[in-house]
Amino acid sequence: MDSRVKGAFLTVFGGVCWGLSGSMGQYLFTKQGMDSRWLVPIRLGLAGIIMFIYCLIRYRKDTFKPISNKVDLGRLIVYGLFGVSCSQFSYFLCIQLSTAAMGTILQDLSPIFILMVTCIRGHRRPKSNEIVAVVLAIFGVVLLATHGSIQNAIISLPAIISGVICAVCVMIYNCSDTLIAKYPTALLQAYAFLIGGVFFALVFRSWTIQYTTNSIGLFGIAFVVLVGNVLAFTSYIKGVSYIGPEKGILYGFSEPITAAVITATVFRTALTPYDIAGFVLIFLMLVLISRK
């Protein structure tokens, strides 16, 4: 199989897995009564353990290199806690407050914040196509949130804030260039998940949240861990290695499309023309901002 075809397939598949995971999260919140403060620490912790065991087998003693250097350890905490882990919590919180479709599309605003960092680092002004991309993104979010009427917002302000925070956190771990260039991504993710799992469990005192799961709930937890973390991430990053991040951003749009389809068909939440228009504007933003 041609490497470009393989890369396109893997990135699309990774996006679909993330979309399915977000939809499963919506099901666990709405039908199983789970709380994101209880689910996310478990999801991060279990995914971290699985990936850490994999890294021990794959990298052996090199597994401990990131935490043996004080400078890299500090960078790892920023990358893992404020980047990877906070993005996952804010993503699921947004889903809990709205829908999987809204959570995934707001997360896709991250290229805007990556652009801001790129301009600051490069001491340059945004290009014309980048400015247009930002405007399209803003209009897209406004359409999704208000359906054309600012007085009657469809999405709550906390949901919008958590979605935007998620996009900022995605920017943080994507812009950790030094760390990413020095260590294997799987190793960084393993530590990121472990750090986030412990941190959020302590902050939210997850063991005090009264919840008793059933067999369906256990399946849902396993699904968001294995499909949403391990499988989705591995497939997407491998695909990006074949086709590059610019095209990866576009193919990754399969995530909100998947979540939107499931939201409309399974959860019976109708997509209005405003929702579709908002999706299209944000997709156009991705197209413009990914051009070299």
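What you are looking at is a predicted structure, and each value in this text was computed from that prediction instead of being measured.

Rules used throughout
- Residues numbered from 1 in each chain as written.
- Predicted model: local features only at pLDDT ≥ 70, side-chain atom pairs only at ≥ 80, totals over all residues.
- Heavy atoms only, no water.
- Helix = DSSP H or I, 4+ residues; strand = E, 2+ residues; numbered from the N terminus.
- Rg over C-alpha atoms; globule rule 2.2 N^0.38 Å.
- Buried < 20%, exposed > 50% of the residue type's maximum accessible area, 1.4 Å probe, protein only.
- Lys, Arg positive; Asp, Glu negative; His and termini not counted.
- Charge placed at Lys NZ, Arg CZ, Asp CG, Glu CD.
- pLDDT = per-residue confidence, 0-100.
- Core = buried A, V, L, I, M, F, W, Y, C linked by side-chain atoms within 4.5 Å.
- Contact = heavy atoms within 4.5 Å.
- Axes fitted to C-alpha atoms, helices over the stretch in contact; angles between N-to-C directions.
- Left-handed = near helix turned anticlockwise from the far one by under 90°.
- Nonpolar A, V, L, I, M, F, W, Y, C, P; charged D, E, K, R; others polar.
- Polar contact = N/O pair within 3.5 Å; in protein donor to acceptor, adjacent residues only side chain to side chain.
- Salt bridge = Lys/Arg side-chain N within 4 Å of Asp/Glu carboxyl O.
- Expected span 1.5 Å × (residues − 1).

Glancing now at the overall build of the chain. Counting its regular elements, the chain contains 13 helices and zero strands. Listing the helices and strands of the chain from first to last along the sequence gives α-α-α-α-α-α-α-α-α-α-α-α-α. Here the C-alpha radius of gyration of the chain, 19 Å, is about what a compact globule of 292 residues would show, namely 19 Å. On the principal axes, the C-alpha backbone points of the chain span a range of 55 × 50 × 40 Å. Scored against the burial criterion, the 292 residues of the chain give a buried share of 51%. Seen as two clouds, the 22 positive and the 10 negative side-chain charges of the chain have centres 5 Å apart.

In this model, the chain carries a mean pLDDT of 87, and residues with pLDDT of at least 70 account for 97%. Here helix H11 (residues 245-251) stands out as the least confident element of the chain, with mean pLDDT 74; helix H2 (residues 36-59) is the most confident, with 93.

Moving on, we come to the nonpolar core. Soluble globular proteins tend to pack their nonpolar side chains together in the buried interior. Residues Met34, Leu39, Tyr79 and Phe92 are the most contacted members of the largest nonpolar core, which totals 45 residues. Listed by contribution, the elements that provide at least two residues to this core are helix H1 (3-30), H2, helix H3 (70-97), helix H7 (157-174), helix H9 (185-204) and helix H10 (215-243). Among the elements that take part in this core, H2 stands out by supplying nine residues, more than any other. The contact partners of Met34, leaving out residues within four places of it in the chain, are Leu28, Phe29, Leu39, Gln96, Tyr211, Thr213, Gly217 and Ile221. Ranked by size, the runner-up nonpolar core spans 32 residues in total, among them Cys94, Ala137, Val141 and Leu288.

As a further point, take the packing of helix H5 (residues 110-122) against helix H13 (residues 273-289). At their nearest, the axes of H5 and H13 sit 10 Å apart, and the two run at 30° to each other. H13 is crossed by H5, and the crossing has left-handed handedness. The segment H5 lies against H13, with Pro111, Ile112 and Leu115 engaging Met285, Leu286 and Ile289. Of the residues assigned to the contact of H5 with H13, the class counts are six nonpolar, no polar and no charged.

Considering the arrangement of structural elements, one finds Asn129 in helix H6 (residues 128-146). The exposure class assigned to Asn129 is buried, which follows from its relative accessible area of 18%. A distance of 3.0 Å separates a polar atom in the side chain of Asn129 from the backbone oxygen of Leu288.

Quick look at the pattern of salt bridges now. Evaluated as defined, the whole model comprises five salt bridges. Here Arg75 makes a salt bridge to Asp72, at a shortest N to O gap of 3.5 Å. A residue pair is termed a helical-turn pair when its members lie 3 or 4 positions apart in one helix, as Arg75 and Asp72 do in helix H3 at three residues. Since its relative accessible area comes to 38%, Arg75 is described here as partly exposed. When the shortest N-O distance is used, the salt bridge between Lys182 and Asp72 registers 2.8 Å. Taken as a pair, Lys182 in helix H8 (residues 177-182) and Asp72 in helix H3 lie far apart in primary sequence, 110 residues in all.

Further remarks concern H5. For the α-helix, the turn length of 3.6 residues means that residues three or four positions removed from each other point alike. The terminal C-alpha atoms of H5, which comprises 13 residues, lie 18 Å apart, in line with the 18 Å expected from a rise of 1.5 Å per residue. Inspection of H5 places Ser110, Pro111, Ile112, Phe113, Leu115, Val117 and Cys119 among the buried residues, and these make up the whole buried set. Once H5 ends, the next one or two residues include His123, with phi positive near 50°.

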